[in-house]
Amino acid sequence: MNTSMQHIENHITTGIPLSDKPKLSARNVDVFYGDKQAIHDVTLDIGANEVIALIGPSGCGKSTFLRTLNRMNDTIDICSIKGEILLDDENIYGPDVDTVPLRARVGMVFQKPNPFPKSIYDNVAYGPRIHGLAQSRVELDETVEKSLQRAGLWNEVKDRLHSPGTGLSGGQQQRLCIARTIAVDPEVILMDEPCSALDPIATAKIEELIDDLREKYTIAIVTHSMQQAARVSQRTAYFHLGQLIEVNPTKQVFTTPQHELTEAYITGRFG
Amino acid sequence: MTDIKKNDSHEKKSNTSTESNTMTTTQLTTREKVELSLGRRRAAETRFRLYGMASVFFGMLCLVVLFTDIASKGTGAFKQTSLTTEIVLDSDYLNLNKESTIDEIRFANFDGLIKRHFAKMLKPKGRSAKRELFKLISPGASWQLQELLLANPDAIDTSVSIELLMDDDVDQWFKHDRELAEGHMNDRLSDQQLVWLNSWIEEGKLDTHFNTLFFTNGDSREPELAGIHGAIKGTLLTLMVTLILSFPIGVAAAIYLEEFAPRNRMTEIVEININNLAAVPSIIFGLLGMAIFINIFGVSRSTPLLGGLVLTLMTLPTIIISARAAIKSVPPSIREAAYGLGASKNQVVFHHVLPLAMPGMLTGTILGMAQALGETAPLLMIGMVAFVVDVPGFINDPSTVLPVQIFLWSDSPERAFLERTSGAILVLLSFLVVMNTTAVILRRRLERRW
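Residues numbered from 1 in each chain as written. Chains lettered and ligands numbered in written order. Predicted model: local features only at pLDDT ≥ 70, side-chain atom pairs only at ≥ 80, totals over all residues. Heavy atoms only, no water.

Right, let's talk about the overall build of chain B for a bit. When you go through chain B residue by residue, the secondary structure sums to 19 helices and 3 strands. Over its C-alpha atoms chain B spans a radius of gyration of 34 Å, topping by over 25% the 22 Å that the globule rule assigns to 450 residues. Taken along its principal axes, the extent of the C-alpha atoms in chain B is 120 × 70 × 35 Å. Across the 450 residues in chain B, those meeting the buried criterion constitute 43%. Considering only residue pairs separated by 6 or more positions, chain B has 77% of its internal contacts joining residues 24 or more positions apart. (Helix = DSSP H or I, 4+ residues; strand = E, 2+ residues; numbered from the N terminus. Rg over C-alpha atoms; globule rule 2.2 N^0.38 Å. Buried < 20%, exposed > 50% of the residue type's maximum accessible area, 1.4 Å probe, protein only. Contact = heavy atoms within 4.5 Å.)

Moving on: the overall build of chain A. Per the secondary structure count, chain A includes 10 helices and 11 strands. Taking 271 residues into account, the globule formula puts the C-alpha radius of gyration at 18 Å, and chain A, at 19 Å, falls close to it. Counting across all 271 residues of chain A, residues that qualify as buried make up 55%. Across chain A, every contact between residues at least 6 apart in sequence was considered, and the portion connecting residues at least 24 apart equals 68%. Counting 27 positive and 35 negative side-chain charges, chain A places the averaged centre of each group 5 Å from the other. (Lys, Arg positive; Asp, Glu negative; His and termini not counted. Charge placed at Lys NZ, Arg CZ, Asp CG, Glu CD.)

Moving on to the interface of chain B and chain A. Counting from both sides, the interface comprises 19 residues of chain B and, opposite them, 24 residues of chain A. Across the chain B to chain A interface the summed buried area is about 1700 Å²; carbon plus sulfur atoms make up 63%. Counting the contacts that link chain B with chain A gives 1 salt bridge. In this structure, R67 of chain A engages E336 of chain B in a salt bridge whose closest nitrogen and oxygen atoms are separated by 2.9 Å. (Buried area = accessible area lost by both parts, 1.4 Å probe. Salt bridge = Lys/Arg side-chain N within 4 Å of Asp/Glu carboxyl O.)

Estimates place the volume of the largest pocket at around 620 Å³. Lining the largest pocket are 21 residues; nearest its centre among them are T75 of chain A together with E259, R335, Y339 and K345 of chain B. The dominant element in the lining of the largest pocket, judged by the number of residues it contributes, is helix α15 (residues 332–340) of chain B, at 4 residues. For the lining of the largest pocket, the per-class residue count stands at 7 nonpolar, 3 polar and 11 charged. (1 Å grid on protein atoms, 1.4 Å probe; cavity = no way out; pocket = protein on both sides within 12 Å on 5 of 7 lines; lining within 4 Å. Points joined across faces, edges and corners; volume = space filled by probe spheres on them. Nonpolar A, V, L, I, M, F, W, Y, C, P; charged D, E, K, R; others polar.)

If you look at the biggest cluster of nonpolar residues, it comprises 63 residues, and the most contacted ones within it are L44, L54 and F65 of chain A together with M361 of chain B. Here this core gets 7 residues from one element, more than from any other, and that element is helix α16 (residues 345–373) of chain B. When neighbours within four sequence positions are excluded, L54 of chain A is seen to be in contact with L44, K62, F65, L66, I221, V222, T223, A237 and F239 of chain A. Core analysis: the next-biggest nonpolar cluster, separate from the first, contains 41 residues, Y121, A151, L176 and I266 of chain A among them. (Core = buried A, V, L, I, M, F, W, Y, C linked by side-chain atoms within 4.5 Å.)

All names here are of chain A. The phi angle at D88 is positive, at roughly 50°, despite the residue not being glycine. Within the element layout of this structure, D88 appears in the loop between β5 (79–87) and β6 (90–91). Under the relative-accessibility criterion, D88 is labelled partly exposed at 37%. You will see that D89, though not glycine, has its phi angle at about 65°, which is positive. Tracing the chain through its elements places D89 in the loop between β5 and β6.

Of the positions making up helix α18 (residues 402–410) of chain B, those classed as buried are L402, P403, V404, Q405, I406 and W409 of chain B. On its buried side, α18 of chain B packs onto α10 (213–216), α11 (229–260), α16, α17 (377–381) and α19 (415–446) of chain B.

What follows is the structure in structure tokens.
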């Protein structure tokens, strides 16, 4: 119990943080909020077409780490970052990297469903519109339909595309947000506790969806539910007080964790 | 205290003997404590509700008293006394014919014609009686005849029936003092004048009509000819200038400060000063306008343009503060969603933040405009207090505004001007009610839920 609250000096991540075909690679990443260090020296690969789950107790920095992957932390003034994050071997914190195309390639789904107060159609069409992805109205219609189908929402909303997206149920709103994200055709999707505000049935639907999306996209998901991590991910990364303690195939993490802190967490001794 | 509790618990225990002794004691004391405090809490609640109701009632009462007072004094202004009479438009006397030009009609002696008409009709004896008779008729009467002839030149040499405007003293007497006992009669009218007036009343010639002149005329020294058209036009032009300048500037400033400005000392100073400006007495803005707009930039005084510039200075802080509050109230999740899709800062602001903040901004703007509508002090400083008879055509014509017109009239000694003061206040208040209602409706309409 005592050891769990202490910072480990010179910790080297246990397990296999690297991947054979990395899509996103974090190298020695430190994140600071003002003077306070939130992430300590994290090195982690996210492989192409895999789902990686980031787990850990509250305040361990998993959400912060996720948000560094598409530079969402840029919107916070006091946040600063050291180290490198490579997307296809290119540092996204490089001097002439623009966040606009970066975020089109690395999309994000948030904890609370946050559809725009616009129609369902306009919600999905927003991304393609601002990036100029569709040349014609017909093409845009197709993109919207395809994205909603991928998100498993098409059959539920095809008759009311022009009614407000905020009028949908919580689970539908979250799938709408996923549809909105994949309408831009990103390469990586970051999900920050996407099911924490949803009921079990809606959660099951989203989890199914994540499994389907893996064929085309690389997904990093932060979750508080260990069952969810076990169900949807191939690899699991355990964060503790801003440090990446252990990364291993999901099955191994939940059956035979290597690090004592991981074991303590998954057996429910703290968290 | 403890004794009583014990007694109590014993009584209860005899009723429900199954429970253990200690349990019952603790349970009852807790419940008793809660019940004791409950009485206190309920009493406080009731007291507070009464205070609240009393203050709401007091506020409503003040409002009702104010409105009934103004309305009872002001409604008279919407009616004007006039005398129905048949008058022959004598071509020889006026020196006009059917082919007369507009200028000839303008310079014809209608005044003399009216005097001759009444002198013939009532045959006053001596110069002073004549003067008393002519005093009953408003100087506007000759202007009425002139207008009639201008509109229809063929009426020359015919007998026309016309409602001639009466003087303000007659108007006030007819509307308010007629029923009073002899001793309390309005002493602005002589006995001879009252005899004439009473004979007209008996013949049914003297009556009140809706006072259209009040809405179509500019200011005048004669109360029966004074109207608010000039002031309303001046107000609209001034507010137009204010709106055109303050809304875009205010919203742009708010967006910049809220979304783009770097968080540093400079921004902080600007923010503090904007908040301070909102609390600056409005007359200071008038001084500022005089010093800068008139003395440095040479804007001509007494114009809606200048008034609008000064009121812009005054309204800007209100608009900026309300616009910033509206921007702040846009949920961060919407921004995050847009940023997460790769929207640029500009796109986030103009596609999402601005539409969501617009109802709040518009409400703030309309309230700021309502404040500007009622503003008098700064306009006094820049010469809009001048006596302007003409209705302003555009923003560079000398004019006055409604509240200043009210201020001017309230200073006049004539009783009829007092009535017009209240009448103009009623018009101003209805403008304010319309603007505030618009603000409420706009907010309801545009508000979107998320």
